[in-house]
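Coordinates in review
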Amino acid sequence: MRQPPKVDCHISPFVPLESERHHEVASQAFSGLPSAIGELCMDAVRAGIAVESVRSLIRHYQLPAPATAGGEWPWPLKVYVMGSFRVLKGDAPLRFSRRIQKRTLELLQAVIAFGGTEVSAVALTAALWPDSDGDGGYHALECGLYRLRQLLGEPNAVIMAGRKVSLDRNYFWVDMWDLERELRKSDRSNSDAASRLAKIRRLYTGHFLEHESDKPWTLKTRQSLRDKFLRSIREAARVYESQRLWQEAAKIYQCGIELDDMAEDLYRGLMICHRELGEHTEVLQIYRRCRELLMRVLGVPPNPKTQAIYNSARQTLVVATR
């Protein structure tokens, strides 16, 4: 069995390569132990240790990103689909003509919306070229993939094999992928609710492609992520509610409302928190904000559960003023 190269532990691979000895040690470490060094680099970047030097070394030795790598890692390509759509290459915005490249970028968005890995060519052609016949749609997809690779400047970043399209995750970081990973952790973990929610909140900066098209495949992914986000809000708030920490739970409900002001049950949760805190006037104000928004946007009043909390708070205030 081949033994890994011995590395002088007294010489950090993050020290500037000012001598031949440093260069030799770093080369051994980065080439012989890429996975372990990748994890070490990720820890260093997150801790703010020689960040630019570490990122430079990652690029120089083309280290594979560890499973824990997030947006801090110097990925060749970063794509943001939560809120405003952006594509970064080498941490710089990718320049393109929105008008000319619209369909090419829409193809990238659709691949991400369908999961990013082994996406059926049939699903993509049906989503993007619904009026084309089988051969015509497939040809349009092939042309679109060629243009996308040209636009990204990475010929191997987008793969089609066996009529399935994948984004090579050695090239891409997508904010939605990190968000989904954190949401899955939220479902399984009973650790600190506020800490988990803070990670999710940093990634959920807006709804999926909310400033782009409202095509069925966009809306489906947007709704799915919205539902998962709202579930994470409710889970975090209920942890505090179970401990009767109403102020902390109220902050979490408010956080959710700031991103999704049409979620009536978040208003209801916030009303309950203020009711338990004895802040009945605040309960009435929250209800009025909720009612005004629902009537203006949807043309419907709050549901009976929300109305009942409002009536209870109003009755308490009436009794208190007698």
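This is a predicted model, so every value here is computed, not measured.

**Details of the nonpolar core**
If you look at the biggest cluster of nonpolar residues, it comprises 93 residues, and the most contacted ones within it are Val79, Val81, Leu108, Val158, Phe172 and Met176. In this view, methionine 176 contacts Val81, Met82, Ile112, Phe208, Thr221 and Leu225; residues no more than four positions away in its chain are not counted.

**So, the sheet that holds strand β6 (residues 164-167)**
Strand order in the open sheet formed by 3 strands is β4-β6-β5, and the pairing between neighbours is antiparallel. Pairing within the sheet leaves two strands with one partner each, and these edge strands are β4 (119-120) and β5 (158-161). Bridge analysis of β5 against β6 gives 4 bridges, and the strand direction is antiparallel. Residue pairing in the sheet places isoleucine 159 in a bridge with serine 166 of β6.

**Focus on helix α5 (residues 121-128)**
Here α5 has its buried residues at Ala121, Leu124, Thr125, Ala127 and Leu128. For α5, the arc enclosing every buried residue in end-on projection is 165 degrees, short of the 170-degree limit, so these residues lie on one face. Measuring from the side-chain oxygen of the N-cap residue of α5 to the backbone nitrogen of valine 122 gives 3.1 Å; that N-cap residue is serine 120.

**Some points on unusual backbone geometry**
Excluding glycine, most residues fall at negative phi; most peptide bonds, likewise, are trans. We note that leucine 209 has phi near 45 degrees; this positive angle belongs to a residue other than glycine. Its place among the elements puts leucine 209 in the loop between α8 (193-203) and α9 (216-242). Residue leucine 209 is classed as buried on the basis of its relative accessible area, which comes to 0%. A positive phi angle is found at arginine 244, which is not glycine, with a value near 60 degrees. Here arginine 244 falls in the exposed class, since its relative accessible area comes to 55%.

**Observations regarding the layout of surface pockets**
Taken as a whole, the largest pocket encloses approximately 440 Å³ of empty space. Secondary structure elements with two or more residues in the lining of the largest pocket: α7 (175-188) and α8. If one sorts the elements of the lining of the largest pocket by residue count, α7 sits on top with 5 residues. Of the residues contributing to the lining of the largest pocket, the split by class is 5 nonpolar, 4 polar and 10 charged. What the second largest pocket holds in volume is close to 350 Å³. If you trace the second largest pocket, you find 14 residues lining it, with Gln62, Leu63, Pro74, Pro76 and Asn170 closest to the centre.

The rules behind these values
- Residues numbered from 1 in each chain as written.
- Predicted model: local features only at pLDDT ≥ 70, side-chain atom pairs only at ≥ 80, totals over all residues.
- Heavy atoms only, no water.
- Core = buried A, V, L, I, M, F, W, Y, C linked by side-chain atoms within 4.5 Å.
- Buried < 20%, exposed > 50% of the residue type's maximum accessible area, 1.4 Å probe, protein only.
- Contact = heavy atoms within 4.5 Å.
- Pairing = 2+ DSSP bridges.
- Helix = DSSP H or I, 4+ residues; strand = E, 2+ residues; numbered from the N terminus.
- Arc of directions from axis to C-beta.
- Polar contact = N/O pair within 3.5 Å; in protein donor to acceptor, adjacent residues only side chain to side chain.
- 1 Å grid on protein atoms, 1.4 Å probe; cavity = no way out; pocket = protein on both sides within 12 Å on 5 of 7 lines; lining within 4 Å.
- Points joined across faces, edges and corners; volume = space filled by probe spheres on them.
- Nonpolar A, V, L, I, M, F, W, Y, C, P; charged D, E, K, R; others polar.

Note that all results are geometric; they support no functional claim without further evidence.
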